[in-house]
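Here is what each chain is made of, one letter per residue.
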Amino acid sequence: MNPFDKSGPLRTFIRPILKQAKLSYRIALGRRARKRSTARHIGITGSSGKSTTTALLGHIIAGQLPVRTQYLRNTIGHLARFLRDLESGADYVVVEVASAGSGDIAPMADLLQPHVGIVTIVRLEHFSAFRQIEAVTEEKSALVKAVLPGGLVVLNHDDENVQGMASLASARVVT
């Protein structure tokens, strides 16, 4: 038996380590690029409406100022690559921040360091990962907590789960 075969023990053991090292490197490059960026960063999360809101807001801003948007590709790896590849000419960066399970949003929000955070709606999506609406609310609130001081948090007034996030913000809140 060759230990380097696709199903061999070394390949099975080494592959996840290399994958994590590649992701860590990509995040480090994204973090470095984010520190150099002078653009205003906007993060958008919610159980639904994230992609649409991101696309629409990016389109509205693009009518007046240079903007870069990222939606649908909403994992930390994609975010890190997007930040790394940003050109210096963008005044605004609008990014969809999504979650497939508990603990996904906090590292993305930490990497993004948003000036503005928007929460669209909280529903029990990804039931197998969250099981309760409170868990979804907690996950989505990570973006609100990450908004930089002096920034702005925009919360959906029609959703009581989203309204409750106002007390977690260190930035100004509008609904």
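Before going further, it helps to examine the pattern of salt bridges. Taken as a whole and judged by the stated rule, the model has three salt bridges. Residue Arg31 pairs with Asp110 through a salt bridge whose shortest N-O separation is 3.2 Å. A residue pair is termed long-range when its members are at least 10 positions apart, and Arg31 in helix H1 (residues 9-36) and Asp110 in helix H4 (residues 105-112) qualify at 79 residues. Under the relative-accessibility criterion, Arg31 is labelled partly exposed at 27%. Of the residues examined, Asp110 reaches a relative accessible area of 43% and is grouped as partly exposed.

As a further point, take the packing of H4 against helix H6 (residues 133-146). As a packed pair, H4 and H6 sit with axes 8 Å apart at the nearest point and diverge in direction by 20°. Taken together, H4 and H6 sit at an angle that is classed as roughly parallel. Crossing of H4 against H6: the hand is right-handed. Every residue of H6 that contacts H4 at Ile105, Ala106 and Ala109 is listed here: Glu139, Lys140, Ala142, Leu143 and Ala146. Of the residues in the contact of H4 with H6, the class split is six nonpolar, no polar and two charged.

Taking strand neighbours across the sheet as the criterion, the six strands line up as S2-S3-S1-S4-S5-S6 in an open arrangement whose pairing is parallel. Only two strands of the sheet have a single partner each, and these edge strands are strand S2 (67-70) and strand S6 (172-174). Strand-to-strand twist across the sheet, computed as the mean angle between neighbouring axes with direction ignored, equals 15°. Pairing analysis gives four bridges linking strand S1 (residues 40-45) to strand S4 (residues 116-119), with the strands arranged parallel. Residue pairing for S4: Thr45 is matched across the bridge by Val119. Lying over the sheet, H4 contacts S1 and strand S3 (92-96), oriented at roughly 165° with respect to S1.

It is worth spelling out the pairing of strand S5 (residues 152-155) at this point. Side chains Val153 and Leu155 of S5 all project onto a buried face; the interleaved residues Leu152 and Val154 project onto a face where none is buried. Bridge count between S5 and S6: three bridges; the pairing is parallel. Across the sheet, Leu152 pairs through a bridge with Arg172, a residue of S6.

Criteria and thresholds
Residues numbered from 1 in each chain as written. Predicted model: local features only at pLDDT ≥ 70, side-chain atom pairs only at ≥ 80, totals over all residues. Heavy atoms only, no water. Salt bridge = Lys/Arg side-chain N within 4 Å of Asp/Glu carboxyl O. Helix = DSSP H or I, 4+ residues; strand = E, 2+ residues; numbered from the N terminus. Buried < 20%, exposed > 50% of the residue type's maximum accessible area, 1.4 Å probe, protein only. Axes fitted to C-alpha atoms, helices over the stretch in contact; angles between N-to-C directions. Parallel < 35°, antiparallel > 145°, perpendicular 65-115°, else oblique. Left-handed = near helix turned anticlockwise from the far one by under 90°. Contact = heavy atoms within 4.5 Å. Nonpolar A, V, L, I, M, F, W, Y, C, P; charged D, E, K, R; others polar. Pairing = 2+ DSSP bridges.

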